[in-house]
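A closer look at the structure
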Amino acid sequence: MSNEMNTQEEKKVLTQKDLNKAMFRWYMSAEMPLNFENMQGIAFCGSISHILKKLYTKKEDLSEALKRHLLLYNCNVTAGGLILGTTIAMEEQRAKDPSKMPDMAITGLKTGLMGPLSGLGDSVFVVIPWTIFGAIAANMALEGSVVGILIWILVTWVLKGLGYPLFKAGIASGTSLVNSIESKMK
């Protein structure tokens, strides 16, 4: 019995590889299955499905978790990494002890953050930098300079690269939130 419990606990420990895979899946799929019913919900759920399978060994628990993340979700892809990381940390805690992390807390936080982070993410990571650097790059390209195109590519990669630190910050803030909730419940 003790060995069985240790094996189950080992399965629930998320590795860096699991986290990187979730972020990579999110970046690659966030805009692909976009629809009017749940927007990016399919991409969000698909991004963390391997993590949910690792955390929830019972079929019923896994089914609940998958349904929880197939709900409406719509956020800027780069800023959405913050929500993805926070959600993963909360799901990890829920898998360890469901009484300390209600499913509505996960859904509520995810829903509450997506609006403000969408507006912030769209402004900071899309509209402002791409307008400024796009105008500079286009002007240089019109003058026959290849540097303009290189600037455009570089800025795009830098902006996309900022998603990973936000994802890591989301995991840290989610873990901090879970610890805060646990201390309040004692």
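Heads up: these notes are all about the structure in this document. A quick note: this is a predicted structure, and the numbers were derived from the prediction, not measured. (Residues numbered from 1 in each chain as written. Predicted model: local features only at pLDDT ≥ 70, side-chain atom pairs only at ≥ 80, totals over all residues. Heavy atoms only, no water.)

Time to look at the pattern of salt bridges. When their charged atoms lie close together, side chains carrying opposite charge are able to pair. For the coordinates displayed, the defined rule picks out three salt bridges. Between D18 and K54 there is a salt bridge whose closest N-O contact spans 2.6 Å. In this pair, D18 is assigned in helix α2 (residues 16-29) and K54 in helix α3 (residues 41-55), connecting sequence segments 36 residues apart. (Salt bridge = Lys/Arg side-chain N within 4 Å of Asp/Glu carboxyl O. Helix = DSSP H or I, 4+ residues; strand = E, 2+ residues; numbered from the N terminus.)

The subject of this paragraph is the packing of α3 against helix α5 (residues 77-96). Here α3 crosses α5 at 25°, and the two axes come no closer than 11 Å. What the angle tells us is that α3 and α5 run roughly parallel. Two packed elements cross with a definite hand, and for α3 against α5 that hand is right-handed. On α5, the residues that touch F44, S47, I48, I51, L52 and L55 of α3 are I83, L84, T87, I88, E91, E92 and A95. Taken together, the residues of the contact of α3 with α5 break down into nine nonpolar, two polar and two charged. (Axes fitted to C-alpha atoms, helices over the stretch in contact; angles between N-to-C directions. Parallel < 35°, antiparallel > 145°, perpendicular 65-115°, else oblique. Left-handed = near helix turned anticlockwise from the far one by under 90°. Contact = heavy atoms within 4.5 Å. Nonpolar A, V, L, I, M, F, W, Y, C, P; charged D, E, K, R; others polar.)

What follows is about the packing of α2 against α3. To characterise two packed helices, one gives the angle between the axes of the helices and the distance between these axes. In contact at an axis separation of 7 Å, α2 and α3 are set at 160° when each is read in the N-to-C sense. By the angle between their axes, α2 is roughly antiparallel relative to α3. Here the hand of the crossing between α2 and α3 comes out right-handed. Mapping the contact onto sequence places D18, L19, K21, A22, R25, W26 and S29 in α2 and A43, F44, G46, S47, I48, S49, H50, I51 and K54 in α3. Each residue belonging to the contact of α2 with α3 can be placed in one class, and the counts come to seven nonpolar, five polar and four charged.

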